[in-house]
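Each chain is listed here by its residues.
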Amino acid sequence: MAEWTECMNFGITIARQASKVILEAFRAKKDVMLKSSPADLVTETDQRVEKMLISRIRERYPTHKFIGEESVAAGEKLELTDSPTWIIDPIDGTVNFVHRFPFVAISIAFAVNKQTEFGIVYSCVEDKMYRAQRGGGAFVNDVPLHTSGQEDITKSLVVTEIGAERDCLALCTMTTNIMNLLAIPIQGIRAVGTAAVDMVLVATGGADAYYHIGMHCWDIAASALIVTEAGGVVLDTDGSEFDMMSRKVIAASSMPVAKRIAQVVRAFPCTRDDEDPARVNNGGHCISSGL
Ligand SMILES: O=P(O)(O)O[C@H]1[C@H](O)[C@@H](O)[C@H](O)[C@H](O)[C@@H]1O
Ligand SMILES: [Mg+2]
Ligand SMILES: [Mg+2]
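This one's a predicted model, so the numbers in the text were calculated from it and none came from an experiment.

Caption draft 1: Molecular detail of helix H8 (residues 255-264). Of the residues making up H8, those classed as buried are Val-257, Ala-258, Ile-261, Ala-262 and Val-264. For H8, the buried positions fall inside an angular range of 165° around the axis, keeping them on one side. The secondary structure elements touched by the buried residues of H8 are strand E10 (157-160), helix H5 (168-182), strand E12 (209-213), strand E13 (233-235) and strand E14 (248-252). N-cap assignment for H8: the residue whose side-chain oxygen lies 3.4 Å from the backbone N of Val-257 is Ser-254.

Written as structure tokens, this is what we have:
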């Protein structure tokens, strides 16, 4: 664990530097481009911040590998090997960034032998630096984090996202999931607009669970470790073991809450992050049935 502390501290330093670029652009006029749907946005700042983070890391750790959201969007192969790998979302919450909705985060995870060794989520506008090292606990601005420990789904506040999909199957699935959870009943549904911040709210105890279908490894790899190091549970939406490449996740305060959500929530078909999108004729996005 201590072996990667220096890397993590470097990650925290460059996240703070990148945040300055994001906050300066946050208030400025933005040129917005579309990716997989009219709600999947990217800006020049997303691309610039990712390039800045990767070049600074590569300069210090030339043998390390990268999985970056905007590098993959530009055609780079998404492959997690046993090599030390930085998994980066330069701006998580780009729709929020474009609208100046004040929740945008930099998410940086670091994996070796396909196991996450540390995770950093920097919520820039809030100035909240969430971090965790495997086996070392979870912190926000150096204050220890603990989940709520809530075991009763009827006393739970659940966070989710509608995501970027706008096809009928995805929208019907996600709204049905929300309706079925509310009918249990749970005490509320929230959506912050950034998967990374949604998920670290479970680590703070401010939410009792988060679930999502369709997000990517760079959205949640860091926050998944932060949740487990805060005493939480992270599973696939079907209740099986979490797999950051599956694009399906439940993060919860306790196993009973996680398992209850897994009983209710249904996923729509999604190509895995590590599947070749070219093999699937929908551009590597969640498959629409065209309903
Ligand atoms: O594209 P960015 O990096 O902003 O990530 C967001 C995804 O785009 C959303 O679909 C998803 O629903 C989450 O909001 C996720 O944070
Ligand atoms: Mg993201
Ligand atoms: Mg992003």
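Caption draft 2: Region of interest: the side chain of Glu-161. For Glu-161, the location among the structural elements is in the loop between E10 and H5. Nearest to the buried, unbridged Glu-161 among oppositely charged side chains is Arg-166, at 8.4 Å. Here Gly-193 takes part through its backbone nitrogen, which lies 2.6 Å from a polar atom of the side chain of Glu-161. Excluding residues that lie within four positions of it along the chain, Glu-161 makes contacts with Met-174, Ala-191, Val-192, Gly-193, Thr-194, Asp-198, Tyr-211 and His-212.

Caption draft 3: Seen up close, the coordination of the magnesium ion (ligand 2). Coordination of the magnesium ion (ligand 2) by the protein is provided by Asp-89 (OD), Asp-92 (OD) and Asp-219 (OD), with metal-donor distances spanning 1.8 to 2.0 Å. Here the donor residues of the magnesium ion (ligand 2) share one chain and are spaced in sequence as D-x2-D-x126-D. A spacing of 3.5 Å is found between the magnesium ion (ligand 2) and the magnesium ion (ligand 3), which share Asp-89 as a donor. Residue classification places Asp-89 among the buried positions, given a relative accessible area of 0%. A relative accessible area of 5% means that Asp-92 is categorised as buried.

Caption draft 4: The arrangement of the coordination of the magnesium ion (ligand 3) in detail. Around the magnesium ion (ligand 3), the donor atoms from the protein are Glu-69 (OE), Asp-89 (OD) and Ile-91 (O), and they sit 2.0 to 2.2 Å away. Expressed as a motif, the donor residue spacing for the magnesium ion (ligand 3) is E-x19-D-x1-I.

Caption draft 5: Examining the pairing of strand E4 (residues 85-92) more closely. The element E4 is largely enclosed, with a buried count of eight among its eight residues. In the sheet, E4 pairs with strand E5 (residues 105-112) via six bridges, with the strands oriented antiparallel. What sits directly across from Thr-85, in E5, is Ala-111.

Caption draft 6: Spatial organisation of the domain arrangement of the protein chain. Along its sequence, the protein chain is organised into domain 1 (2-144) and domain 2 (153-281). With centres defined by C-alpha atoms, the gap from domain 1 to domain 2 works out at 20 Å. Counting from both sides, the interface comprises 38 residues of domain 1 and, opposite them, 24 residues of domain 2. Summed over both sides, the interface between domain 1 and domain 2 buries roughly 2,200 Å², with carbon and sulfur atoms accounting for 72% of that surface. For domain 1, the biggest contributors to the area lost against domain 2 are Leu-78, Asp-92 and Tyr-130; these three give 23% of the whole. The interface formed by domain 1 and domain 2 contains zero salt bridges. Joining domain 1 to domain 2, the criterion identifies nine residue pairs in polar contact (both at pLDDT 80 or more). Mapped by element, the contributors of at least two residues to the side of domain 1 that touches domain 2 are strand E3 (65-68), helix H3 (69-73), E4, E5, strand E6 (115-123) and strand E7 (128-133). Examining the composition of the side of domain 1 that touches domain 2, we find that seven residues originate from one element, E6, more than from any other. Classifying every residue of the side of domain 1 that touches domain 2 by side-chain character gives 18 nonpolar, twelve polar and eight charged.

Rules used throughout
By convention here, each chain's residues receive numbers from 1 onward along its written sequence. Think of it this way: whatever chain is written first is A, whatever ligand is written first is 1, and the rest follow in order. Local features in this predicted model are restricted to residues of pLDDT 70 or higher, and side-chain atom pairs are both shown and tallied only at a pLDDT of 80 or more, whereas totals for entire chains, interfaces and linings draw on every residue. Computation of side-chain values covers all heavy atoms of the structure but excludes hydrogens and water. Only protein chains enter the accessibility calculation, which uses a 1.4 Å probe; a residue is then buried when its area is under 20% of its type maximum, exposed when over 50%, and partly exposed in between. By the criteria applied, helices consist of DSSP H or I runs no shorter than four residues and strands consist of E runs no shorter than two, each listed in order from the N terminus. Comment: arc refers to directions from the helix axis out to C-beta atoms. Only heavy atoms enter the contact rule, under which two residues are in contact if any of them lie within 4.5 Å. We call two N or O atoms a polar contact when they sit within 3.5 Å, provided that within protein one can donate a hydrogen and the other can accept it, with sequence-adjacent residues counted only if both atoms are side-chain atoms. This count recognises Lys and Arg as positive and Asp and Glu as negative, with His and chain-terminal groups excluded. Criterion for a salt bridge: a side-chain nitrogen of Lys or Arg within 4 Å of a carboxyl oxygen of Asp or Glu. For Na, K and Ca the donor cut-off is 3.2 Å, and for all other metals it is 2.8 Å, counting N, O and S atoms only; because water is absent from this set, sites may look incomplete. When DSSP finds at least two bridges between two strands, those strands are taken to pair. Domain start and end points were adopted from an automatic or database domain assignment. As a working definition, buried area equals the accessible area (1.4 Å probe) given up by two parts on being put together, with both sides summed. Side-chain classes follow a simple rule in which Ala, Val, Leu, Ile, Met, Phe, Trp, Tyr, Cys and Pro form the nonpolar group, Asp, Glu, Lys and Arg form the charged group, and the remainder, Gly included, forms the polar group.

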